[in-house]
Amino acid sequence: MNPKRKQRLLLILAMIAAVFVAVALAMYSLSQSINLFKTPTQIANGEAEPGQTIRAGGLVVEGSVQRDSVGLGVRFNVTDGQSEVTIFYDGILPDLFREGQGIVALGSVDQSGLFTASQVLAKHDENYMPPEVMQALEEANARQSEASPEANQSPASPEVAD
């Protein structure tokens, strides 16, 4: 093989290897920064690996908010209509946080199933609910209606005569 051709071939192979390494590093970096959304049912079923950073969302259960007597810690339950997950957050909650409201929390689940949040986000007005929470609630309602179809049937409305 001609020395110039050999040199060009080695240069092309080195460039291909450099592109491959750059793509591999970019994919690894992106996979580490992805925060998957999980519903309370998915967390309760063990679909969230302990220690993995995820986003969890749902409605804050009425009467479940418990504040620590010392510090900023707060513990509350979140539901999607089927399951509940306990969330612990040590920090200042958003001003719009309240029971019965949709929230999204960023954090991780420990071995005991407690979700420890590093950030809690609340909806910003009466009409908005995070899309992931809305979809999870709709899916939970659909599963409940499939499980008990007679609960969703409404009595026939009487016909109005002219």
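Residues numbered from 1 in each chain as written. Predicted model: local features only at pLDDT ≥ 70, side-chain atom pairs only at ≥ 80, totals over all residues. Heavy atoms only, no water.

Topic: the overall build of the protein
- When helices and strands are tallied, the protein shows 4 helices and 7 strands.
- The secondary structure elements of the protein, listed N-terminal to C-terminal, are α-β-α-β-β-β-β-β-β-α-α.
- Long-range pairs, those at least 24 residues apart, make up 52% of the contacts in the protein between residues at least 6 apart in sequence. (Helix = DSSP H or I, 4+ residues; strand = E, 2+ residues; numbered from the N terminus. Contact = heavy atoms within 4.5 Å.)

A word on helix H3 (residues 131–147)
- With 17 residues, H3 extends 24 Å between its outermost C-alpha atoms, agreeing within 8% with the 24 Å of an ideal straight helix rising 1.5 Å per residue.
- Of all the residues in H3, the buried ones are Val133, Ala136, Leu137 and Ala140. The arc that holds every buried residue of H3, seen down its axis, measures 100°, which confines them to one face. Across from the buried face of H3, at angles greater than 90 degrees, the exposed residues are Pro131 and Glu146.
- Considering only its buried residues, H3 is in contact with strand S1 (36–38), strand S2 (54–60), strand S4 (73–79) and strand S6 (102–109). (Expected span 1.5 Å × (residues − 1). Buried < 20%, exposed > 50% of the residue type's maximum accessible area, 1.4 Å probe, protein only. Arc of directions from axis to C-beta.)

Comments concerning the pairing of strand S5 (residues 84–90)
- The sheet contact formed by S4 and S5 spans 7 bridges and is antiparallel. In the sheet register, threonine 79 faces S5, and the bridge partner there is glutamate 84.
- Taken together, S4 and the strand that follows it, S5, pair antiparallel across an intervening segment of 4 residues, in which glycine 81 is found at a positive phi of about 100°.
- Across 3 bridges, the pairing between S5 and strand S7 (residues 115–122) is parallel. Directly across from phenylalanine 88, in S7, lies its bridge partner threonine 116. (Pairing = 2+ DSSP bridges.)

Section: the pairing of S6
- Burial analysis of S6 places 7 of its 8 residues in the buried class, which makes it a mostly covered element.
- Sheet topology note: the S2/S6 ladder contains 6 bridges and is antiparallel. Its bridge partner being in S6, alanine 56 is matched across the sheet by alanine 105.
- Direction of pairing for S6 relative to S7: antiparallel, over a ladder of 7 bridges. Residue pairing across strands places isoleucine 103 opposite alanine 122, the latter belonging to S7.
- The hairpin turn running from S6 into S7, its antiparallel successor, is 5 residues long, and glycine 113 in that turn takes a positive phi close to 95°.

As for the nonpolar core
- Grouped together as the largest cluster of nonpolar side chains are 19 residues, with contacts concentrated most on Ile43, Phe76, Ile87, Ile103, Phe115 and Val120.
- In terms of nonpolar packing, the next biggest core, distinct from the first, is built from 5 residues, Phe37, Val104, Val133 and Leu137 among them. (Core = buried A, V, L, I, M, F, W, Y, C linked by side-chain atoms within 4.5 Å.)

Overview of a nonpolar patch on the surface
- Taken together, Met1, Leu9, Leu10, Ile12, Leu13 and Ile16 make up a surface patch of nonpolar side chains, about 640 Å² in accessible area.
- In this fold, isoleucine 12 is placed in helix H1 (residues 3–33).
- The partly exposed category is assigned to isoleucine 12, whose relative accessible area is 46%. (Patch = residues over 30% accessible without salt bridge, like charges linked within 9 Å, V, L, I, M, F, W, Y side chains within 5 Å. Areas by Shrake-Rupley, 256 points an atom, 1.4 Å probe, with all protein chains shown as cover. Salt bridge = Lys/Arg side-chain N within 4 Å of Asp/Glu carboxyl O.)

A closer look at the side chain of asparagine 77
- By the element assignment, asparagine 77 lies in strand S4.
- The buried category is assigned to asparagine 77, whose relative accessible area is 19%.
- Setting aside residues no more than four positions away along its own chain, asparagine 77 makes contact with Leu59, Val60, Val61, Ser64, Glu84, Val85 and Thr86.

A look at the confidence of the model for the protein
- With 83% of its residues at a pLDDT of at least 70, the protein reaches an overall mean of 81.
- Considering only residues more than four positions removed or in separate chains, one finds that residues 154–162, a stretch of pLDDT under 50, has 0 contacts. (pLDDT = per-residue confidence, 0-100.)

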